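Next come the chains, spelled out residue by residue.
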Amino acid sequence: MADEILTELTERFGSGDKALEPDVVAELRSIMRLHELSVEDMYYKWDAYCIKMDANDMKVSLATLRPFKQDLQDSLERSNRAQVHIKTEKRVSATPRTATKTNNDVYGMLDGLTTPGPGRSAKSSSARRRQLETPSVSRVKAEPMSSPLKQGDQQSSSLPPSSFHDRLNAGEVVAILNEKLPVPEPPIAPFSESRILVTVGSDRKKWGYKTLAMKLSEAAEILDDRIEEFAKLVMEHHKLDELAFGSAARQGTTEIVAVGRIASDSSEGKLNQASLVLETSSSTGNAFRVPLNLKQLRGYQFFPGQIVAFKGINASGKEFAVHQVLDIPLLPSAASSPPELEAHRNRLRGGPDAMDSDTDPLPLNIIFASGPYTADDNLDFEPLHTLCNRAADTYADALVLCGPFLDSEHPLIASGDFDLPDDVAFEPDTATMTTVFKHLISPALNRLASANPQINILLVPSVRDVIDKHVSWPQAPFAGRKELGLPKKTSIIGNPMTVNFNETILGISTQDVLWELRQEELVGGRPSDPDLLPRLSKHLIEQRHFFPLYPPSDRSRLPKTGTETGVPPGAMLDVSYLKLAEIMRTRPDILVLPSALPPFVEIVQNVVVINPGYLSKRRGAGTYAKMALYPPDTSQPQIGDLMAHSVFTRARVEITRI
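None of these values were measured; they are calculated from a predicted model.

Parameters and conventions
- Residues numbered from 1 in each chain as written.
- Predicted model: local features only at pLDDT ≥ 70, side-chain atom pairs only at ≥ 80, totals over all residues.
- Heavy atoms only, no water.
- Helix = DSSP H or I, 4+ residues; strand = E, 2+ residues; numbered from the N terminus.
- Buried < 20%, exposed > 50% of the residue type's maximum accessible area, 1.4 Å probe, protein only.
- Contact = heavy atoms within 4.5 Å.
- Phe/Tyr/Trp six-rings, centres within 6.5 Å; stacked < 30°, edge-to-face > 60°.
- Pairing = 2+ DSSP bridges.
- Axes fitted to C-alpha atoms, helices over the stretch in contact; angles between N-to-C directions.
- Expected span 1.5 Å × (residues − 1).
- Core = buried A, V, L, I, M, F, W, Y, C linked by side-chain atoms within 4.5 Å.
- Salt bridge = Lys/Arg side-chain N within 4 Å of Asp/Glu carboxyl O.
- Polar contact = N/O pair within 3.5 Å; in protein donor to acceptor, adjacent residues only side chain to side chain.
- Patch = residues over 30% accessible without salt bridge, like charges linked within 9 Å, V, L, I, M, F, W, Y side chains within 5 Å.
- Areas by Shrake-Rupley, 256 points an atom, 1.4 Å probe, with all protein chains shown as cover.
- Lys, Arg positive; Asp, Glu negative; His and termini not counted.
- Charge placed at Lys NZ, Arg CZ, Asp CG, Glu CD.
- pLDDT = per-residue confidence, 0-100.

Across its full length, the protein chain holds 16 helices and 24 strands. Taken across its 658 residues, the protein chain has 50% of its residues classed as buried.

Right, let's talk about helix H12 (residues 442-451) for a bit. Taken across its 10 residues, H12 has 7 buried, putting it largely inside the fold. Along H12, the residues classified as buried are Ser442, Ala444, Leu445, Arg447, Leu448, Ala449 and Ala451. Summarising the contacts, the buried residues of H12 are in contact with helix H9 (382-393), strand S11 (398-402), helix H11 (433-440), strand S12 (456-460) and helix H13 (481-484).

This structure, assessed with the given rule, holds 11 aromatic pairs. Arranged with centres 5.4 Å apart and planes meeting at 55°, the rings of tyrosine 49 and phenylalanine 68 form a pair that is tilted. Taken together, the residues span a long stretch of sequence, with tyrosine 49 in helix H3 (residues 39-52) and phenylalanine 68 in helix H4 (residues 62-93) at a distance of 19 residues. Judged by its relative accessible area of 1%, phenylalanine 68 is buried.

Across the sheet, which stays open at both edges, the 7 strands sit in the order S1-S24-S22-S10-S11-S12-S13 with mixed pairing between neighbours. At either end of the open sheet lies a strand with only one pairing partner, and these are strand S1 (173-177) and strand S13 (490-492). Adjacent strand axes in the sheet meet at a mean angle of 15°, parallel and antiparallel pairs treated alike. Judged from the 3 bridges that link them, S12 and S13 form a sheet pairing that is parallel. Of the residues in S13, the one forming a bridge with leucine 459 is isoleucine 492.

Before going further, it helps to examine helix H2 (residues 22-35). For H2, spanning 14 residues, the distance from its first C-alpha to its last is 20 Å, which sits close to the expected 20 Å at 1.5 Å a residue. Turning to H2, its buried residues are Val24, Val25, Glu27, Leu28, Ser30, Ile31, Met32 and His35. The positive-phi residue at the C-terminal boundary of H2 is glutamate 36, with phi of around 55°.

Moving on to the nonpolar core. Counting 41 residues, the largest nonpolar core has Leu387, Leu399, Leu401, Phe437, Ile441, Leu445 and Leu459 as the members making the most contacts within it. Put simply, the parts of the chain that give this core at least two residues each are strand S10 (364-370), H9, S11, helix H10 (411-415), H11, H12 and S12. Element by element, the count of residues in this core is highest for H9, at 5 residues. Not counting residues within four places of it along the chain, the set of residues in contact with leucine 401 comprises Ala369, Tyr373, Leu384, Leu387, Leu445, Leu458, Leu459 and Val460.

Taken as a whole and judged by the stated rule, the model has 18 salt bridges. Between glutamate 229 and lysine 579 there is a salt bridge, and its shortest N-O distance comes to 3.3 Å. One end of the pair, glutamate 229, is in helix H6 (residues 216-237); the other, lysine 579, is in the loop between helix H15 (532-543) and strand S17 (590-592), with 350 residues separating them in the sequence. Assessed through its relative accessible area of 39%, lysine 579 is described here as partly exposed. Across the pair glutamate 542 and lysine 538 runs a salt bridge whose closest N-O atoms are separated by 3.6 Å. Placement of the pair is glutamate 542 and lysine 538 together in helix H15, with a separation of 4 residues, close to one helical turn.

On to the sheet that holds strand S7 (residues 307-313). Taken in spatial order, the 5 strands of this closed barrel run S3-S4-S5-S8-S7, and their pairing is mixed. Each neighbouring strand pair of the sheet contributes to a mean axis angle of 60°, computed without reference to strand direction. Here 4 bridges tie strand S3 (residues 256-264) to strand S4 (residues 276-279), and the two strands are oriented antiparallel to one another. The residue of S4 that forms the bridge with serine 264 is leucine 276.

Quick look at the side chain of lysine 270 now. Note that lysine 270 resides in the loop between S3 and S4. A polar contact is formed between the side chain of lysine 270 and the backbone oxygen of glutamate 521, at a distance of 2.6 Å. Excluding residues within four positions of it along the chain, lysine 270 makes contact with Glu11, Tyr43, Ser275, Gln519, Glu520, Glu521, Leu522 and Arg557.

A surface patch of like charges, here negative, comprises Asp3, Glu4, Glu8, Glu11, Glu268 and Asp554. Relative to the elements of secondary structure, aspartate 3 occurs in helix H1 (residues 2-13). Take aspartate 3: its relative accessible area is 60%, and that puts it in the exposed class.

Another point: the confidence of the model for the protein chain. In this model, the protein chain carries a mean pLDDT of 83, and residues with pLDDT of at least 70 account for 85%. For residues 86-136, every residue scores under 50 in pLDDT, and the model assigns this stretch 45 contacts once sequence neighbours within four places are set aside. Confidence over residues 142-158 falls short of pLDDT 50; this stretch has 57 contacts with residues more than four positions distant or in other chains.

Shown next, in the form of structure tokens:
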């Protein structure tokens, strides 16, 4: 057993083939015993600690483990103090219920252990508090009670119940891009016409494929074709002769160019230098896999599924010695013709009489947010209501909402242990999750549309959305707008999808590829991109795909959820249709990638990459992103007949706490 733990510690915390120092192993074992942690749980806590300390490549040593150990101890003490405070608060403030008891519960002994039935009212504490508070001034009228059931009294919850109204630092900006651009003043009234022309960049019919019907032959062909396509790109970009290419698995004494897919020779565990292999295509190398020797590289960053091009030699027939990593050519930057840009610029005026044509139009106001949209202990969706208030007050031009909306991993949704509000009229025998969406989420969006009629609302599903019958990724849009009771100017798109807002190209995916790349990436030596978050985003741009990782991470290594098992559904890839997730023709101007990693906004290869964070955390408020996109400059130099969009120079983006 001790040997197994040592092996797992080395695999998780070791660096390449280098063994852990005995003192380091002893300290790791001490932390495991003190906090009753498994190796895997301790690794996740170490990973979170590194992110918190903004030291993504922190080495494991006694000097770094001791502060980590103290941090765990401090977190445990804070948690214990919070639990004691909550228990004391409940004991002091508890009041007897005056409602009439039924079902022979004469003394109220079952109170709190049963779910309110259709005829009972169980208003949440947040709803009672909201009735006593002075309402805030907003263009959206009162926020109706969404869910009468809270989970705070359930014994299964080890964390204190959340209170959205008691959140700290609301409105605080945690990250900003292009701070030099001024903060625009919101208009004094809504525009008479919509300032955004929304164009979806894919045929919706392609996404309606049959799920759970993947054939191995089709999947293998898709994976093989991807290697062949990249081989052609490398040959054209580097101006190489076809004879320069060969199979990395074939023994030879001549240096060749080998294109293939990074893989691991083990089906379990994280990719490491010892398990690293290159998978060849069926036409070039009969799909053989060959170990890689990276000793001649100063630094590298690889992940399973990455398509790479190497210069090297396989002299022994046992391994391919890599001499050089060839660059994969990037897609061209997004560009449009000057007349098209001028037409989009004029659209920003919001109507013929909205503004003097001699002045610059106001910048677009776009808000990005990602689910979950409510905390684990309720279905009030208070963060969503607050976000819609902000969008109404500032007359936002577009609101982009990424799923999950009704999260399959929400404890109340997963258990089905909740009621709809008392004032909702529905037929219990025919109610579905579409009914729940219609009465818990749609009202907030409808009030927003009433206050700001010209706003464009974009909904992007998630594989964790219970209302979507399409259970695979790439994922088709969920049920129609009318069934869900959504406003007319609402668009429901697939996941992932490329969308045009006027000339601006947005790439959006709700699959948390950044987290999975963080878990699976192998970094050695001195990598060319030392900063973690831009490097992870760059993988998608270079690989021309919204999910270049293959195979995806094991579900047990993903962030824990609030359900009984705590294991999320995972990536749920349908490999046969992964071509639907390719980034085609040009690089997007903006890439929206919601993730459990810390929210950020970065410029990567002239692409604005945004992780807005989650609007609601499991036990607290989250973050969202707001963008002020200034009009295109039609006087800039042209590239041939086209003019680059250069969104990264004219977009001010702020990551803000809700």
